[in-house]
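# Examination of the molecular architecture
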Amino acid sequence: MKHCTCNSLPDAGRRSFFASAASAVAAAGVIATSAMAAEPARAQPAPLGGQRKFMEEAARLAIESVEKGWGGPFGAVITRDGEIIGRGQNRVLLKGCEIYITGAPCAMCMSAIYWSRIDHVYFASTLTDTSAIGFDDAYQYEDFAKPWDKRRIAVSEAFERDLGLKAFKAWTDKKDRHQY
Ligand SMILES: [Zn+2]
């Protein structure tokens, strides 16, 4: 059983969705930040010819976002066969945005919507309608409403909590942190 209606989108829609998702990931900054923290410093291989221009475009989008007051310094492009097929940039500071979706957003998309600070979500078919055609997203929402120890996936809350708090202290102690 599939678990996300995102994959039911036609090609163009899927590209646009994943561009948005990449943007949302960049917007969240969480994955990028934690990946950077987890990766030990090491020599990077030289970029292959032509790839630099993709990162230049991502950087251009990031800088545009900052300069226009749309959000933080994060941009992303998605490429296929050497061509850019999707662009995204951090726009968490945009106000007054609404989204119209044909199906109820899955938990991942809803999370991206929260991070994007969308004001209003309009969706057509319901979670029940979605489940009826074989895309079971509803159980995730049901799971979220339960205590940690009652969920389908085992979750250990406050596991070695002191280590997490140590990382938080590094954040709260940093005077020039960018709050978002
Ligand atoms: Zn989704």
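Residues numbered from 1 in each chain as written. Predicted model: local features only at pLDDT ≥ 70, side-chain atom pairs only at ≥ 80, totals over all residues.

Before going further, it helps to examine the overall build of the protein. Helices and strands together make up the secondary structure of the protein, namely seven helices and four strands. Along the chain direction, N to C, the helices and strands of the protein fall in the order α-α-α-β-β-β-α-β-α-α-α. Long-range pairs, those at least 24 residues apart, make up 52% of the contacts in the protein with a sequence separation of at least 6. (Helix = DSSP H or I, 4+ residues; strand = E, 2+ residues; numbered from the N terminus. Contact = placed C-beta atoms within 7 Å.)

With 13 residues, helix α7 (residues 161-173) should cover 18 Å at 1.5 Å per step; its first-to-last C-alpha distance of 18 Å lies within 8% of that length. Of all 13 residues making up α7, only zero are buried, and the element is barely covered by its neighbours. (Expected span 1.5 Å × (residues − 1). Buried ≥ 20, exposed ≤ 12 C-beta atoms within 10 Å, placed from the backbone.)

Moving on, we get to unusual backbone geometry. Positive phi outside glycine occurs at Asp81, with the angle close to 50°. For Asp81, the location among the structural elements is in the loop between β1 (75-80) and β2 (83-89). With phi around 60°, Ala158 is a residue other than glycine that occupies positive phi space. Residue placement: Ala158 occurs in the loop between α6 (138-144) and α7. Judged by the 9 C-beta atoms lying within 10 Å of it, Ala158 falls in the exposed class.

Here Tyr100 is to be found in strand β3 (residues 98-103). C-alpha of Tyr100 to C-alpha of Val121: the two residues are 21 residues apart in sequence and 6.2 Å apart in space.

Two strands pair when backbone bridges link them, and β3 and strand β4 (residues 120-125) are joined in this way by five bridges, in the parallel orientation. Looking across to β4, one finds that Gly103 is bridged to Ser125. A crossover links β3 with its parallel partner β4, the connecting element being helix α4 (residues 107-115), and its sense is right-handed. (Pairing = 2+ DSSP bridges. Right-handed = clockwise from strand over helix to strand, strands pointing away.)

Attention shifts here to the pairing of β2. Pairing geometry for β1 and β2, over six bridges, is antiparallel. What sits directly across from Arg80, in β2, is Glu83. Between β1 and β2, which follow one another and run antiparallel, lie two residues, and Asp81 among them has a positive phi close to 50°.

Next up on the list: the confidence of the model for the protein. On average, the protein scores 80 in pLDDT, and the residues at 70 or more come to 72%. Ignoring residues within four places in sequence, the model shows residues 7-38, a span with pLDDT below 50, making 44 contacts including any to other chains. (pLDDT = per-residue confidence, 0-100.)

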